Amino acid sequence: MAEEIIIVQGNGTLEGEVAVSGAKNSALKLMAASLLGQGETVIHNVPRISDIDIMGEVLACLGARVERSGHTLAVDTAQVARCETPYELVSKMRASIAVLGPLIGRFGQARVAMPGGCQIGARKIDMHLVGLEALGVHFDVDHGFLEATTPKGLHGANVTLEFPSVGATENLLMAAVVAEGRTLVENAAREPEIEDLARMLSAMGARVQGAGTSTIEVEGVPLSSLHPCEHTTVGDRIEAGTFLAGGALMGGPVTARGIDPAFLRMALMKLEAMGCNVDAGDDWVTVGRTRPLDPIDIQTLPHPGFPTDLQAQFMLLAARAEGNSVITENVFENRFMFAAELGRMGADITIEGHHALVRGVPRLQGAPVSATDLRAGAAIVLAGISAEGETRVHHIEHIDRGYEDYVGKLVALGADVRRAPADALPSR
């Protein structure tokens, strides 16, 4: 398939309602958890994005049958007999390491390619391994693969995570639910996606308490007592936050439906602090603006702090604010690559370590830019909508990983945005 780009004609328009898709970061882990059900699990509200397709391929490689009907996935893991995932798939998506915990839980062993071929060391996969080792898992590294065995079986343990890692918490949960005895996970991640996973595991027969708090307690049950279930994925708070940031940037108002406002509490507080009007109901949020944006200071932190996945979108807002803002990235070290692309459009951003000093400018100008990652890609398209002239966004495969029909949803809100072959002629 020829490379596609997104072509944006800046018209400064984003107004109306958008339906939020199911959470990517939840659906991927729910699919992995289906391995423990040993039958057909049905998951509703699953977004149509490339990351979901890759996880489907991972499960199919293990022997599962994965069928989609609209936004519903049926995942039948009854015939899964393999416990090895290939590098070709894992290298495409780090989240595929999420099958490690359920494979260990189901088979007592697993052979999983290390994400991106990374060696055990500085990467955060260390926390997954340390936690699982406490449950009785032994790891060896063999030619880029993690080989997990349980010489004495899985057993409960008290585990304190060095950092509230979402992935490590999820892998621990999916192994602990079938470990003999009680497992206590302290300094656990508190993201809504953890609660969603715990709800599905409970529906499968697991005994989990405390998900959504920093202490999760799991009482292990025999694997044979777990069963398939039917579950609906929570709304995607990051997709919602992206469109709401667009409403703040362009003035809106933009309403995101299908999301619990509590998932976005810190982001909504920051939008209000920047001078936006925020209104919310049980499953919707509206953001608009009638006056200039005020500058803001933001520090990304694990939930319920400000989400790192909304940092790029808020850096864009800060770039158009009247005054100087400071953004501190505490979660991912490479999240500031977006600043250089925004700089091509006229933003004034200085990076010092994990701090970004953003001096607001009165306007942005269309330019050729690249999506450096999933969230930065979504944000740079918003920048193009607010900019003067034409913006061409390259490497949009990053956006396709996590946003279902992003262009279509933006067009429905009034933006002048389209996908085109990379060699499409410039507009005149």
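Structural notes, computed from the coordinates.

## Notes on unusual backbone geometry
The phi torsion of most residues other than glycine is negative, and most of the peptide bonds are trans.
Then, number 1: Between Gly252 and Pro253 the backbone carries a cis peptide bond, its omega angle lying at 0°.
Then, number 2: In this fold, Pro253 is placed in the loop between α8 (237–250) and β15 (254–257).
Then, number 3: Following His303, the chain continues into Pro304 via a peptide bond in cis, with omega recorded as 15°.
Then, number 4: Tracing the chain through its elements places Pro304 in the loop between β18 (297–299) and α10 (311–319).
Then, number 5: One non-glycine residue with positive phi stands out, namely Asn45, at about 60°.
Then, number 6: Along the chain, Asn45 falls in the loop between β3 (40–44) and α2 (50–62).
Then, number 7: Positive phi is not limited to glycine here, since Asp405 has a value of about 50°.
Then, number 8: Mapped onto the elements of the fold, Asp405 is located in the loop between α13 (397–400) and α14 (406–412).

## Quick look at the sheet that holds β18
Then, number 1: Spatially, 4 strands are ordered β18-β19-β21-β20 in an open sheet, and the strand pairing comes out mixed. Sheet topology places β18 and β20 (348–352) at the edges, where each strand pairs with a single neighbour. Across this sheet, the average inter-strand angle for adjacent strands is 15°, counted without regard to direction.
Then, number 2: Strand direction decides the pairing type here: β20 and strand β21 (residues 355–359), joined by 5 bridges, are antiparallel. Each residue of the ladder has a partner; that of Thr350, found in β21, is Leu357.

## Examining the sheet that holds strand β17 (residues 284–288)
Strand pairing in a sheet relies on backbone hydrogen bonds. The paired strands run either parallel or antiparallel.
Then, number 1: Across the sheet, which stays open at both edges, the 4 strands sit in the order β2-β15-β17-β16 with mixed pairing between neighbours. Since the sheet does not close on itself, it has two edges, and those belong to β2 (16–19) and β16 (277–280), each with one partner. Looking at each pair of strands side by side, their axes are set apart by 20° on average, direction ignored.
Then, number 2: The pairing of β16 with β17 spans 4 bridges and is classified as antiparallel. Opposite Val278, over in β17, you have Val287 as the bridge partner.

## Points about the pairing of strand β8 (residues 138–142)
Then, number 1: Where β8 lies against strand β9 (residues 145–149), 5 bridges are found, and the strand directions are antiparallel. When the sheet's bridge partners are listed, Asp140 is paired in β9 with Glu147.
Then, number 2: In sequence, β8 turns back onto β9 through a hairpin of 2 residues, with His143 there showing a positive phi of about 50°.

## What about the nonpolar core?
Then, number 1: Met315, Leu342, Val381 and Leu410 are the most contacted members of the largest nonpolar core, which totals 75 residues.
Then, number 2: With 9 residues, the single largest contributor to this core is helix α12 (residues 374–386).
Then, number 3: Aside from chain neighbours lying at most four places away, what touches Met315 is Ile327, Phe336, Phe338, Ala339, Leu342, Ile349, Ala356 and Val358.

## A few points about the pattern of salt bridges
Then, number 1: All chains considered together, the criterion is met by 21 salt bridges.
Then, number 2: Here Glu67 makes a salt bridge to Arg65, at a shortest N to O gap of 3.1 Å.
Then, number 3: Accessibility expressed as a relative area gives 32% for Arg65, which makes it partly exposed.
Then, number 4: One salt bridge in this structure joins Arg199 and Asp196, with 3.5 Å as the shortest N-O distance. Of this pair, Arg199 and Asp196 both sit in helix α7 (residues 192–203), 3 residues apart, which is roughly one turn of that helix.
Then, number 5: A relative accessible area of 0% places Asp196 in the buried class.
Then, number 6: Each of Glu40, Arg65, Glu67 and Asp76 takes part in salt bridges that share partners, so that together they form one network.

Rules used in this analysis
Residues numbered from 1 in each chain as written. Predicted model: local features only at pLDDT ≥ 70, side-chain atom pairs only at ≥ 80, totals over all residues. Heavy atoms only, no water. Helix = DSSP H or I, 4+ residues; strand = E, 2+ residues; numbered from the N terminus. Pairing = 2+ DSSP bridges. Axes fitted to C-alpha atoms, helices over the stretch in contact; angles between N-to-C directions. Core = buried A, V, L, I, M, F, W, Y, C linked by side-chain atoms within 4.5 Å. Buried < 20%, exposed > 50% of the residue type's maximum accessible area, 1.4 Å probe, protein only. Contact = heavy atoms within 4.5 Å. Salt bridge = Lys/Arg side-chain N within 4 Å of Asp/Glu carboxyl O.

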